[in-house]
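Observations on the three-dimensional arrangement
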Amino acid sequence: MARTAKIERITGETQICLELNLDGTGVCNVECPIGFLRHMLTAFCKHGMFDLSGSLKGDLDVDQHHLIEDTGIALGQAFDQALGSRKGILRAGFFIYPMDEALCQAAVDFGGRPFCVCNADLSNIPLSGGIPAGASWQNIAATTFQTDTFEDFWQGFASGAKCNLHLDTIRGRSDHHKMESLFKACGRAIRAAVTIDERAPNAIPSTKGVIC
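Residues numbered from 1 in each chain as written. Predicted model: local features only at pLDDT ≥ 70, side-chain atom pairs only at ≥ 80, totals over all residues. Heavy atoms only, no water.

1. Notes on helix 2 (residues 65-83)
- Taking 1.5 Å of rise per residue, the 19 residues of helix 2 would be expected to cover 27 Å, and the 27 Å separating its terminal C-alpha atoms lies within 8% of that figure.
- The buried count for helix 2 comes to 15 of 19 residues, which makes it a mostly enclosed element.
- Downstream of helix 2 by one or two residues, Gly84 has phi in the positive range, about 55 degrees. (Helix = DSSP H or I, 4+ residues; strand = E, 2+ residues; numbered from the N terminus. Expected span 1.5 Å × (residues − 1). Buried < 20%, exposed > 50% of the residue type's maximum accessible area, 1.4 Å probe, protein only.)

2. Quick notes on the sheet that holds strand 4 (residues 51-58)
- Taking strand neighbours across the sheet as the criterion, the four strands line up as 1-2-4-3 in an open arrangement whose pairing is mixed. At either margin of the open sheet sits one strand with a lone partner, and together these are strand 1 (4-10) and strand 3 (28-31). When strand polarity is set aside, the average angle formed by the axes of neighbouring strands in this sheet is 5 degrees.
- Across eight bridges, the pairing between strand 2 (residues 14-21) and strand 4 is antiparallel. Of the residues in strand 4, the one forming a bridge with Leu18 is Gly54. (Pairing = 2+ DSSP bridges. Axes fitted to C-alpha atoms, helices over the stretch in contact; angles between N-to-C directions.)

Listed below in structure tokens is the structure:
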């Protein structure tokens, strides 16, 4: 059975459509107006071997927060939908990912209990790309990333996916490297967690007999 999902999240602030295939080849084809977020989703899919497509739109003239948080929620809901009862999966995963001077770890449990602990150790100074003089808010939104929304994304994901997620920066200097290392670590940890357990492919991975 294909483990796929389609999520639409339409609000007064954002319009998000996502299609997810857990058993993909790592292809991300999402129309995203924030360049750094698009880069992170691409890395997440590549390392998780997930296929993700769709489009993200939001009130970037106000802030990046609404779109980034809602994208996390919608992506989490897609994982929740694709996993269904959680039958047969390993359920939990862990990965430590090095990226230059940064070393970060992610641990996840798709046990139905949403909780996120995020110790990313970011400066909260926005990343800034090549912004031309007199740039419009569209230019600025596309070439910057508000690092304080990183945690909002993953809090939203944990809520939507009904998973327990712990993110930690062990060490690092560059905010870019820390965030990218964490996205890649998450992709790898989640990939491990959603893998079918060859020893128990038809079992619910819980002593309760159900994950809800």
